[in-house]
There are 2 protein chains.
Amino acid sequence: MTQRRTHTGRRPGPNTTKALIEDTARKLFAELGYERTSLRQVGLQAGVDPMLVTHYFGGKRDLFLAVVELPFDPGAVFEAVLTGDHDSAGTRLATLVLSILDDDVRRRPLLGLVRAATAEPEAAALVRDFLTRNIVTPIAAQLGGEDADYRATLVMSQIMGFTLTRYVLRLHPLADHDRQALTADLGGTLQRYLFGELTP
Amino acid sequence: MTQRRTHTGRRPGPNTTKALIEDTARKLFAELGYERTSLRQVGLQAGVDPMLVTHYFGGKRDLFLAVVELPFDPGAVFEAVLTGDHDSAGTRLATLVLSILDDDVRRRPLLGLVRAATAEPEAAALVRDFLTRNIVTPIAAQLGGEDADYRATLVMSQIMGFTLTRYVLRLHPLADHDRQALTADLGGTLQRYLFGELTP
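Since the structure is predicted, the reported quantities are computational estimates derived from the model, not experimental observations. (Residues numbered from 1 in each chain as written. Chains lettered and ligands numbered in written order. Predicted model: local features only at pLDDT ≥ 70, side-chain atom pairs only at ≥ 80, totals over all residues. Heavy atoms only, no water.)

**Observations concerning the overall build of chain A**
A count of helices and strands for chain A gives 10 helices and 0 strands. Going from N to C terminus, chain A has its helices and strands arranged as α-α-α-α-α-α-α-α-α-α. With respect to the principal axes defined by its C-alpha atoms, chain A has extents near 60 × 35 × 30 Å. Out of the 200 residues in chain A, the part that is buried amounts to 50%. For chain A, the computed accessible surface area is about 9,300 Å², with 51% contributed by carbon and sulfur atoms. Of the side-chain charges in chain A, 23 are positive and 24 negative, and the distance between the mean point of each set is 10 Å. (Helix = DSSP H or I, 4+ residues; strand = E, 2+ residues; numbered from the N terminus. Buried < 20%, exposed > 50% of the residue type's maximum accessible area, 1.4 Å probe, protein only. Areas by Shrake-Rupley, 256 points an atom, 1.4 Å probe, with all protein chains shown as cover. Lys, Arg positive; Asp, Glu negative; His and termini not counted. Charge placed at Lys NZ, Arg CZ, Asp CG, Glu CD.)

**A few points about the packing of helix H7 (residues 108-119) of chain B against helix H8 (residues 121-143) of chain B**
Residues and elements named next belong to chain B. Relative orientation of the contacting elements H7 and H8 amounts to 140°, with a least axis distance of 6 Å. Our classification of the angle between H7 and H8 gives oblique. You can see that H7 and H8 cross each other, and the crossing is left-handed. Contact residues: Leu 113, Ala 116 and Ala 117 in H7; Ala 123, Ala 124, Val 127, Phe 130 and Leu 131 in H8. Across the contact of H7 with H8, the residue classes tally to 8 nonpolar, no polar and no charged. (Axes fitted to C-alpha atoms, helices over the stretch in contact; angles between N-to-C directions. Parallel < 35°, antiparallel > 145°, perpendicular 65-115°, else oblique. Left-handed = near helix turned anticlockwise from the far one by under 90°. Contact = heavy atoms within 4.5 Å. Nonpolar A, V, L, I, M, F, W, Y, C, P; charged D, E, K, R; others polar.)

**Things to note about the relation of the copies chain B and chain A**
Superposing chain B onto chain A takes a rotation of 180° combined with a translation of 0.0 Å along the rotation axis, leaving an RMSD of 0.0 Å. The transformation relating the two chain copies, once decomposed into turn and shift, fits a two-fold axis. Of the C-alpha atoms belonging to chain B, the one lying closest to the rotation axis is found on B:Gly161, 1.6 Å away. The overlap is high: 100% of the interface residues of chain B also sit at the interface in chain A, so the same surface is used on both sides. (Least-squares fit on C-alpha atoms with pLDDT ≥ 70 in both.)

**Points about the interface of chain B and chain A**
With 44 residues of chain B at the interface, the matching set in chain A holds 44 residues. Approximately 3,700 Å² of surface area, both sides summed, lies buried where chain B meets chain A, with 62% of it carried by carbon and sulfur atoms. Along the contact surface separating chain B from chain A lie 0 salt bridges. Taken together, the connections running from chain B to chain A amount to 16 residue pairs in polar contact (both at pLDDT 80 or more). Put simply, the parts of the chain that give the side of chain B that touches chain A at least two residues each are H7, H8, helix H9 (148-168) and helix H10 (179-195) of chain B. Element by element, the count of residues in the side of chain B that touches chain A is highest for H9(B), at 13 residues. (Buried area = accessible area lost by both parts, 1.4 Å probe. Salt bridge = Lys/Arg side-chain N within 4 Å of Asp/Glu carboxyl O. Polar contact = N/O pair within 3.5 Å; in protein donor to acceptor, adjacent residues only side chain to side chain.)

**Re the environment of B:Gly33**
On the secondary structure map, B:Gly33 appears in the loop between helix H1 (14-32) and helix H2 (39-46). Residues B:Gly33 and B:Gly112 lie 79 residues apart in sequence; the distance between their C-alpha atoms is 7.2 Å.

**Notes on the side chain of A:Thr24**
Within the element layout of this structure, A:Thr24 appears in helix H1 (residues 14-32). For A:Thr24, a relative accessible area of 7% corresponds to the buried category.

**A short note on the nonpolar core**
One recurring pattern in soluble globular proteins: nonpolar side chains tend to sit buried together. Counting 132 residues, the largest nonpolar core has A:Leu63, A:Leu113, A:Leu131, B:Leu63, B:Leu113 and B:Leu131 as its most contacted members. For A:Leu63, the residues in contact, after removing those within four places along its chain, are A:Ile21, A:Ala25, A:Phe29, A:Leu39, A:Val42, A:Val53 and A:Phe57. (Core = buried A, V, L, I, M, F, W, Y, C linked by side-chain atoms within 4.5 Å.)

**Considerations on the side chain of A:Arg115**
Looking at where A:Arg115 falls in the secondary structure, it is placed in helix H7 (residues 108-119). Taking the relative accessible area as the measure of exposure, A:Arg115 reaches 17% and is therefore buried. Ignoring anything within four residues of it in the chain, the contact list for A:Arg115 reads A:Tyr34, A:Glu35, A:Val168 and B:Thr118.

**Focus: the pattern of salt bridges**
Side chains carrying opposite charge are able to pair once their charged atoms draw close together. Applying the stated criterion across every chain, the model contains 14 salt bridges over all chains. A:Asp104 serves as the salt-bridge partner of A:Arg107, at 3.5 Å between the closest nitrogen and oxygen. Judged by its relative accessible area of 17%, A:Arg107 falls in the buried class. A relative accessible area of 43% places A:Asp104 in the partly exposed class. The closest approach of N and O atoms between B:Asp104 and B:Arg108, which form a salt bridge, is 3.8 Å. One connected set of salt bridges, linked through shared partners, spans A:Asp23, A:Arg26 and A:Glu69.

Printed below as a string of structure tokens:
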């Protein structure tokens, strides 16, 4: 059941309506994925006129980017993964990445981001800001050093490509390769990008 | 000027019309890119009813995948890059990849493939077949060995991620990093995927 009125019994004001739409959209995107969620559905389930969804958020991509949440807390996770033994950090990060992406539900927001990014230049800019804030900057903060941002974007490039190849394109045999072997092979690349020798 | 009739002066038959649409689409996709090309435009420029384009090819993605051509000859290029000194093969491949992707025109079909792949599951299957046939298999043929296909898909994962991060998302500082340094850093990863030690 959807709450259509505030507890005071009055008609919800604009802020409440907006929040209601956001909650509903977050839930539907998580349950159905990006493609199968429509603005109309979000409006209907939130109990508001679907036109209001468009009024507040514009298109589906804007709504998605307004409500998308990573399936982990970036600050805490990258601190946990990147502090401790340097030599095994790449493997720890690969283990984390695969555990999220191999989970049908947890990988949805990440696939949604890849889809949104490739669809239109304006969406790409929004996704870029989101990924910079939530992934590149927290990883770079753990690394420190002059080339920390560059290293973090190299890490992103391999993770994004891995997501695209294994989960979107489902390119064989990467798509069904043994997870443990894959973790080690991906981990080697991430290790080099995080702490290895790069070109000065 | 577009040829609307065959040299015999008769109305073009279905095969000629289809070929005409394909030629026009190839040209427009190359000139304007995937997004700015419309089925209507292709029809108008080919001098045929735009409905015929839909009739022969369905949607824009289908038309794109019917006419897309890589901006290089995969068999020849991968043979040239992957035979010769093993130790520098990764750098040679990275040099090739960057020379194509840093070229505004030559990268268009590749960006179109990434866009088509992420848009819909059915398009992803078509792109998967295309990439397998034109990139994964030719690379694997040069590598030989039991894990050649797996290695080739790992290579694809880094190249796709690199394309997405540097050219679609334009994630800073990867997007404007010095090309020579980037070639070396990307080359190290490709080298490992091609000929390095992987998990058995």
